[in-house]
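# Observations on the model geometry
Here are the chains, one letter per residue:
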Amino acid sequence: MAEAQNWRAWLLTDTPTSRRHARLSALYQGWLSFRGNTMAMVGFWILILLGVMAIAAPLLAPHDPFAQNLGNRLQPLGSEEHLLGTDSLGRDILSRLIYGSRITLYIVGLVALIAPITGLLVGTVAGYLGGWTDQVLMRITDIFLAFPRLVLALAFVAALGAGIENAVLAISLTAWPPYARIARAETLTIRSSDYISAIQLQGAGALRIITKHIWPLCISSLIVRVTLDMAGIILAAAGLGFLGLGAQPPSPEWGAMISEGRRFILDHWWVATVPGMAIFTVSLAFNLLGDGLRDVLDPKDSDK
Amino acid sequence: MALAEHKTEGRHRAPLELWIRAVFVTLGSVVVTMLGLMFLTFVIGRVMPIDPVLAIVGEQASKSTYDAAYEQLGLDRPIIVQFGLYVWDVINGDFGKSLLTARPVAEDIKRVFPATLELATLGVIAGIVLGVPLGVVAAVKRGTWIDQVARVIALVGYSMPIFWLGLMGLLVFYGILGWVGGPGRVGIFYVDIVPPVTGMILVDSILDRNWDVFKDALSHIVLPASLLGYYSLAYISRMTRSFMLEQLSAEYITTARVKGMSESAVIWRHAFKNIRVQLITVIALSYATLLEGSVLTEIIFSWPGIGSYITTALLSADMNAVMGGTVVVGLVFILLNIFSDLLYKFFDPRAK
């Protein structure tokens, strides 16, 4: 108990003794203010649950998500052995839902890596170098921004062929421009600060300044944006899956599951309803978390 | 975003002259953006894996047939020339022939576009009528239960997969309650009864004074339009709220209150008046998003609009149709963006 008190005092100190101490202290205070936001915590725990579900899928799933049993098809909710019923091929919906969380996290994770990194690269280079590099890069960004996202993603998938990886690529291609904008704006303010001039005088090159001194400062605003974007990414991926352009059967991707259940919607409503609830819950969780994170990391924009 | 650009230079010039300059600058950026859009669709349609020649001549074609088609499509010329030809075709409204319908893509689009326009327009009207007052009230009664309700409505809107909500709507209001018409634009007995003048069936049936068709069409459109309306409501109400909050915290509002002005006059005559231009920008943007967002909605409701057209073409590798559809949607999207941009520059004195 006393030890915990000491830790708290150490973390909440006004006079940090080292760089790491200061960083941990800032992190802890951010966590405290984040924890006070009930809705954000709800989102946070839903996502933790999702993560656990994805990791422990083989342990949690009561059945094989691919095992068909035509004699047992379209069982209703709460039936014996199948809590959430079965689909048109007699597969256990709960198990498919649990395995599907892996696909959702996989897609979201990849897009959340590719899009912000691309945007960070383009934005910081454009912002730091300025001149015609800036002109060309930002023009390209504007062109991508001016496109209808879903339609463009559709066209990309059409050309590349359906599949999870191509869906990820298509969504990333349409998602990076806002990050480039943010990164560029941040870079422009950082570029003119004194400490950058100091490093320049020490002889640091553009590459070193961008990677070591500008990137770290752009991260927090990008993280907020990514979290707020996650819901959109999930919805886009589910939309592509629903159209048959994302994950292919028999993969238990949630959007594809809805599309499958759509054929029986009037008589066997749960087949399409359950995966939709899952998508809604997860994207809601990301929105809640994103709002909370924004309040902590980027207070000037909160309450909008 | 253009909202943040407050240009202070050239304040002494006549507003009209400035505006004309803005128009030219904007036109330039439209041209560049359009060229970019066409280049992307060109790359997707011509250079990527699907072989356009095979799509036309089929797998079994002989080498000579293949080569003839290859040359006819101009694929033996340099890429840049091909791109130039493509741009020229698009400018002339020629998107090539659809493999699926065997008609020119431009004609197909002309036929399906009004259906999407009708749906999106009703959607955005619903979004404005409900979203703007909700946003204003949420801002004025900030922190109360109304504000919380508005917040939840928006949050759910941002998090809900539209195609799923559409399915649930069909299940409840069509399947269980039977309050609305099912998928499609009209019931099977009313198909092709009114002469297509505008292509928008509600308008056409009014012009034809055929009230049975009108009623039936209304019962079919109400659900998909409300669905799209909900999404624009979520966006419009949030934006309205944040614009209003910004105005209400300004000093001139305090002054007005101190002068003893009634609260409704403060809200509507002062604060709201100042956010009108910003609001129009938001509405134009949400209209553009709805035109695009109707893709999934159209699939759910078997709505014969441009979203259904693109998706059907896509699933049968009808690349001309996909590219034509993408260019048209992109063009509308860009034009709406530009329109709101210009409007903003023209009407908002702060932007001059």
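Counting from 1, residues in each chain are numbered in the order their sequence is written. Chains and ligands are labelled sequentially in the order written, the chains with letters from A and the ligands with numbers from 1. Residues qualify for local features only when their pLDDT is at least 70, as the model is predicted, and side-chain atom pairs are given and counted only at 80 or more; totals for whole chains, interfaces and linings, by contrast, use all residues.

### Remarks on the overall build of chain A
Secondary structure is summarised from DSSP: a helix means a run of H or I of at least four residues, a strand means a run of E of at least two, and numbering begins at the N terminus for each. Within chain A one finds 13 helices and zero strands. Starting at the N terminus, the α and β elements of chain A follow one another as α-α-α-α-α-α-α-α-α-α-α-α-α. Overall size of chain A, expressed as C-alpha extent along the three principal axes, is 75 × 60 × 30 Å. Across the 304 residues of chain A, 43% fall into the buried class. We call two residues in contact when their backbone-placed C-beta atoms lie within 7 Å. Counting only contacts in chain A whose residues sit at least 6 apart along the sequence, the fraction spanning at least 24 positions is 68%. Burial is judged by counting other C-beta atoms within 10 Å of a residue's own C-beta: 20 or more means buried, 12 or fewer means exposed, and anything between counts as partly exposed, with every C-beta placed from the backbone.

### Some points on the overall build of chain B
Broken down by element type, chain B carries 13 helices and zero strands. Counting helices and strands in the order they occur from the N terminus, chain B gives α-α-α-α-α-α-α-α-α-α-α-α-α. With 352 residues in all, chain B has 41% of them scored as buried. Taking all contacts inside chain B whose residues are at least 6 apart in sequence as the whole, residues at least 24 apart take part in 72%.

### Describing the interface of chain A and chain B
Contacts between the two partners involve 37 residues from chain A and, on the opposite side, 37 residues from chain B. Element by element, the count of residues in the side of chain A that touches chain B is highest for helix α7 (residues 149-160) of chain A, at nine residues. Three residue categories are used. Nonpolar comprises Ala, Val, Leu, Ile, Met, Phe, Trp, Tyr, Cys and Pro, charged comprises Asp, Glu, Lys and Arg, and polar comprises the others, including Gly. Looking at the side of chain A that touches chain B residue by residue, the class counts come to 26 nonpolar, seven polar and four charged.

### Considering unusual backbone geometry
Note that the residue after P249 of chain A, namely P250 of chain A, is joined by a cis bond; omega there is 10°. On the secondary structure map, P250 of chain A appears in the loop between α11 (206-242) and α12 (254-261). The residue A102 of chain B is not glycine, and still its phi comes out positive at about 60°. Topologically, A102 of chain B is positioned in the loop between α4 (79-91) and α5 (105-140). For A102 of chain B, a count of 7 C-beta atoms within 10 Å corresponds to the exposed category.

### With respect to helix α3 (residues 38-55) of chain A
Residues and elements named next belong to chain A. With 18 residues, α3 should cover 26 Å at 1.5 Å per step; its first-to-last C-alpha distance of 26 Å lies within 8% of that length. What α3 keeps buried is the set A40, G43 and L50. Burial along α3 is one-sided: seen end-on, the buried residues are contained in an arc of 80°. Away from its buried face, by an angle of more than 90 degrees, α3 presents the exposed residues T38, W45 and I48. Any helix carries an expected span of 1.5 Å times its number of residues minus one. The arc in question is the one spanned by the directions pointing from the helix axis to the C-beta atoms.

### Observations regarding the packing of helix α11 (residues 263-300) of chain B against helix α12 (residues 306-315) of chain B
All names here are of chain B. Helix axes are fitted to C-alpha atoms over the stretch in contact, other axes to C-alpha atoms as well, and angles between N-to-C directions run from 0 to 180 degrees. Viewed as axis vectors pointing N to C, α11 and α12 meet at an angle of 80°, and their least axial separation amounts to 7 Å. Classified by the interaxial angle, the pair formed by α11 and α12 is roughly perpendicular. Residues S294, V295, E298 and I299 of α11 touch α12, and the partners they reach there are G307, S308, I310 and T311. Looking at the contact of α11 with α12, its residues break down into three nonpolar, four polar and one charged. Working rule for angles: under 35 degrees goes down as roughly parallel, over 145 as roughly antiparallel, 65 to 115 as roughly perpendicular, anything else as oblique.

### With respect to the nonpolar core
A153, L154, I171 and I234 of chain A are the most contacted members of the largest nonpolar core, which has 170 residues in total. Per-element accounting of this core gives the leading share, 17 residues, to helix α9 (residues 211-248) of chain B. Excluding its chain neighbours within four sequence positions, the residues that come into contact with A153 of chain A are A170, I171, T174, A236 and L240 of chain A. To form a nonpolar core, buried Ala, Val, Leu, Ile, Met, Phe, Trp, Tyr and Cys residues must be joined through C-beta atoms within 7 Å.

### Some points on the environment of R142 of chain B
Residues and elements named next belong to chain B. Along the polypeptide, R142 turns up in the loop between α5 and α6 (145-159). Given 14 C-beta atoms within a 10 Å radius, R142 is considered partly exposed. Residues R142 and R241, 99 residues apart in the sequence, show an inter-C-alpha distance of 9.1 Å. Those residues in contact with R142 that sit more than four places away from it in its chain are D147 and L245.

### Side note on the confidence of the model for chain A
Do not read the fine detail of predicted coordinates wherever pLDDT is low. Scored by pLDDT, chain A comes out at a mean of 84, with 97% of its residues at no less than 70. Scored from 0 to 100, pLDDT records how confident the predictor is in each individual residue. The secondary structure element of chain A with the lowest average pLDDT is helix α1 (residues 2-11) of chain A, at 76, and the one with the highest is helix α5 (residues 93-129) of chain A, at 91.

### Here we look at α12 of chain A
Taking burial as the measure, the eight residues of α12 of chain A include eight buried ones, the bulk of the element. Buried residues of α12 of chain A: W254, G255, A256, M257, I258, S259, E260 and G261 of chain A, and no others. On its buried face, α12 of chain A sits against α5, α11 and α13 (270-297) of chain A together with α7 (162-176) of chain B.

### Description of the packing of α5 of chain B against α9 of chain B
Residues and elements named next belong to chain B. At a minimum axis separation of 5 Å, α5 and α9 run at an interaxial angle of 35°. When the axes of α5 and α9 are compared, the crossing they make is right-handed. Of the residues assigned to the contact of α5 with α9, the class counts are 22 nonpolar, nine polar and two charged. The hand of a helix crossing depends on one turn: near helix anticlockwise from the far one by less than a right angle means left-handed, and clockwise means right-handed.

### A closer look at the environment of F286 of chain A
All names here are of chain A. One can find F286 in helix α13. Considered as a pair, F286 and R225 are 61 residues apart in the sequence and their alpha carbons are 11 Å apart. Once residues lying within four places of it in the same chain are set aside, the contact partners of F286 are G43, T227, M230, A231 and I234.

### Describing the environment of G109 of chain A
Residues and elements named next belong to chain A. Take G109: it is sitting in helix α5. Among the residues examined, G109 registers 13 C-beta atoms within 10 Å and is labelled partly exposed. Expressed as a C-alpha distance, the spacing of G109 and M230, which sit 121 residues apart in the sequence, is 9.0 Å.

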